[in-house]
Amino acid sequence: MRGDELVRMVPWKDGKANEALAADYSVIRDWLGAESGKPLTVDQHEQFARGFEKYLATGKAPSIELQDAFARFKRWLVGVYKDLARLNVEISPEVRGVF
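Conventions used here
- Residues numbered from 1 in each chain as written.
- Predicted model: local features only at pLDDT ≥ 70, side-chain atom pairs only at ≥ 80, totals over all residues.
- Heavy atoms only, no water.
- Helix = DSSP H or I, 4+ residues; strand = E, 2+ residues; numbered from the N terminus.
- Buried < 20%, exposed > 50% of the residue type's maximum accessible area, 1.4 Å probe, protein only.
- Contact = heavy atoms within 4.5 Å.
- Axes fitted to C-alpha atoms, helices over the stretch in contact; angles between N-to-C directions.
- Parallel < 35°, antiparallel > 145°, perpendicular 65-115°, else oblique.
- Left-handed = near helix turned anticlockwise from the far one by under 90°.
- Nonpolar A, V, L, I, M, F, W, Y, C, P; charged D, E, K, R; others polar.
- Core = buried A, V, L, I, M, F, W, Y, C linked by side-chain atoms within 4.5 Å.
- Expected span 1.5 Å × (residues − 1).

## Quick word on the overall build of the chain
Here comes step 1: Helix and strand content of the chain: 5 helices and 2 strands.
Here comes step 2: Along its sequence from the N terminus, the chain presents helices and strands in the succession α-β-β-α-α-α-α.
Here comes step 3: Looking at the chain as a whole, 25% of its 99 residues are labelled buried.
Here comes step 4: Long-range contacts, defined as pairs at least 24 residues apart, comprise 47% of the intrachain contacts of the chain with a sequence gap of at least 6.

Written as structure tokens, this is what we have:
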């Protein structure tokens, strides 16, 4: 899923996303180096995708209820990639908080 597709899924009220989602989107755009008012580039979409894959591949679930699912996904993804360094992306603590 591309970042702009993800944004279209955001629950909007009176034309505005809730403050937490808007703040998360701002963190992501900053991390991607996106210019204000401009759409994301293909490279920025790819960086977002690789970053999300790397986040999921850590196996660190955001809640106890998701620990088993994250652990299974990590095993699968590591098997696919073998070497996570090939994703060639670093995730800031702020972006990790958004994912």
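## Quick notes on the packing of helix α2 (residues 19-32) against helix α3 (residues 42-57)
Between two packed helices, both the angle of their axes relative to each other and the distance between the axes serve to describe the pair.
Here comes step 1: Following both chains from N to C, one finds α2 and α3 inclined at 115°, their axes separated by 10 Å at the closest point. Comparing their axes, α3 and α2 come out roughly perpendicular. Crossing angle aside, the handedness with which α2 passes α3 is right-handed. Contacts between α2 and α3 involve Ile 28, Trp 31 and Leu 32 from the first element and Gln 44, Gln 47, Phe 48 and Gly 51 from the second.
Here comes step 2: Here the residues of the contact of α2 with α3 are counted per class, giving 4 nonpolar, 3 polar and no charged.

## Looking at the nonpolar core
Here comes step 1: Counting 14 residues, the largest nonpolar core has Ile 28, Leu 32, Tyr 55, Val 95 and Phe 99 as the members making the most contacts within it.
Here comes step 2: Where this core is concerned, the elements lending two or more residues are α2 and α3.
Here comes step 3: Sequence-distant contacts of Leu 32, that is, excluding residues within four places in its chain, are made with Leu 40, Gln 44, Gln 47 and Phe 48.

## Examining helix α4 (residues 67-81)
Here comes step 1: For α4, which comprises 15 residues, the first-to-last C-alpha distance of 21 Å matches the rise-based estimate of 21 Å (1.5 Å per residue) to within 8%.
Here comes step 2: Where α4 terminates, the next one or two residues include Lys 82, which has phi positive at roughly 60°.

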